[in-house]
Amino acid sequence: MDWLSEDQRALRDMAETFARKDVEPLANQIDIEEETPDDLIRKAAEIGLFGLYTSPEYGGAGADLVSVCLVSEELAKASPAFAGMLTVQMVLCPKTVEILGTEEQKQRILPANSSGERLMAYSQSEPGGAANIAAHLTRVVPEGEGYRIDGSKLFCTQGTAETYLVMCKTKDRAGNEGYGCVIVEREDEGFQVHPYENKLGWRGTNTGPISFDNVYLDETDILGDLLTGGFSHRAANHANLLSHVATSIGCAQGLFDKTLENVKQRRLYGKDMAELQPVSYWLAEAHAKIQACRALLYNTVREFEAGTMAPEMPNVCKAYIGETAFDVCVRLVQLWGGSGIMNSTGVNRYMRDARAKCVAEGATEMHYAIIANQLLHGQPTLVPNGIVKTKDGR
Ligand SMILES: Cc1cc2nc3c(=O)[nH]c(=O)nc-3n(C[C@H](O)[C@H](O)[C@H](O)COP(=O)(O)OP(=O)(O)OC[C@H]3O[C@@H](n4cnc5c(N)ncnc54)[C@H](O)[C@@H]3O)c2cc1C
């Protein structure tokens, strides 16, 4: 990638060093114990990763999305799970606040997120289907001078967060209904974080249910327009998807690098393992697939930055690169024989993380449905705004 600027290269190198020195030694432990040490989160915040994509006036570095993807990729080479957790902190949550928030909300939330003082979470999924928002039951309704929220959410990543951005059905004082975004703080009365799930992949990111029992919100807790905030931060969703895809590439590349070294060192049947023709072929094929995915991603990211990106491209990247990275990881794990199946080697966690990435941030099939909607109906979304008014929609 000769076209990278000096600043972009410097950030990539900084992330590579941090990943090698601080993340890699803990990556197996995070996976096995399903817990990310606070110290690692603190170090990531200290070197400015949380605020990397946030504007300088809110405590961030104001880096571009290419830099964010480079950093995400480097971290994912060591721990795809840790990198996945960081993209939520670095991109999805702060960018949503930057797009939707008032000045007061930005000053209240973003500097504390950039410094790592208060982690954030983005919560949409419900039992009726994460993207099937017509079936969502969590609701915000007027209450006195403010509002109250009732309901529950599933699969909320970073249950240790302090500030939660919650997408939910909303009603204004005139009885109009919509889909909004509200801010719920961990200490709010009636808000509860339930025990985390034990997961196949992306372990250590604290994913689990949360619930709201008559939680009171005032006007300053409504992010963006009450009736449309849940839909109207598409640039944050797109940037998030692309940085998430960068972690899929880092995941495949991280396992590829380790596998290449292992193959080079191993001897089988009295000769170098690399001389077994299928082995060298599979390595070459994995390399080709990773390079093709990387070219697709960074081309899309540059178009995003230039404002020339076709609307379905983040979905194209998420669906295609996510599944390709998983296929590559499955093949690479096989090249380790029994060692690939043993958790102690830290090999198969890449494959499990790659699978989790094909569901987190939207299942592959849902992204293909959005692409199809764009191609067939010129609508780059799965759920047109009006559908939230369907009362019994499932
Ligand atoms: C590790 C992890 C972390 C997560 N973190 C968060 C988080 O922080 N916040 C949050 O809100 N959610 C989070 N999620 C939830 C995630 O976004 C959803 O699991 C995902 O969007 C799929 O939704 P679902 O589980 O409701 O599956 P469903 O919507 O029930 O879908 C089930 C299956 O049906 C198929 N399908 C779904 N939609 C379509 C379609 N339109 N067309 C064709 N087939 C389709 C797919 O095969 C899909 O896997 C996380 C999930 C994981 C695994």
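Everything numeric here is computed off the predicted structure, so don't read it as measured data.

Peer 1: Just checking my understanding: could you explain the overall build of the chain for this structure?
Peer 2: In terms of helices and strands, the chain carries 11 helices and 10 strands. The globule rule puts the C-alpha radius of gyration for 394 residues at 21 Å, and the 21 Å found for the chain is close to it. Principal-axis analysis of the C-alpha atoms places the extent of the chain at approximately 80 × 45 × 40 Å. Contacts in the chain between residues at least 24 apart in sequence constitute 74% of all its contacts with a sequence separation of at least 6. Summed over all atoms, the accessible surface of the chain reaches about 16400 Å², with 52% contributed by carbon and sulfur. For the chain, the separation between the mean place of its 38 positive charges and that of its 53 negative charges on side chains is 6 Å.

Peer 1: How should I be thinking about the site of the ligand in this particular structure?
Peer 2: Of all residues adjacent to the ligand, which total 21 residues, the nearest are Q124, S125, A130, F155 and T157. One of the backbone N or O atoms of Q124 is found 2.7 Å from an oxygen atom in the ligand. Taking A130, its main chain carries an N or O atom lying 2.8 Å from an oxygen atom of the ligand. Out of a free accessible area of 960 Å², the ligand has 65% covered by protein chains. Taken together, the elements giving at least two residues each to the shell around the ligand come down to β1 (120–123), β3 (146–157) and α11 (364–377).

Peer 1: So what exactly am I meant to see when it comes to the UniProt feature "domain: Acyl-CoA oxidase/dehydrogenase middle" (unreviewed entry) in the chain here?
Peer 2: As recorded in UniProt, the feature "domain: Acyl-CoA oxidase/dehydrogenase middle" (unreviewed entry) lies at residues 122–215. Its end C-alpha atoms 17 Å apart, residues 122–215 is made of 0% helix and 52% strand.

The rules behind these values
Residues numbered from 1 in each chain as written. Predicted model: local features only at pLDDT ≥ 70, side-chain atom pairs only at ≥ 80, totals over all residues. Heavy atoms only, no water. Helix = DSSP H or I, 4+ residues; strand = E, 2+ residues; numbered from the N terminus. Rg over C-alpha atoms; globule rule 2.2 N^0.38 Å. Contact = heavy atoms within 4.5 Å. Areas by Shrake-Rupley, 256 points an atom, 1.4 Å probe, with all protein chains shown as cover. Lys, Arg positive; Asp, Glu negative; His and termini not counted. Charge placed at Lys NZ, Arg CZ, Asp CG, Glu CD. Near = heavy atom within 4 Å. Polar contact = N/O pair within 3.5 Å; in protein donor to acceptor, adjacent residues only side chain to side chain. UniProt positions renumbered as here; feature names shortened; annotations may be inferred.

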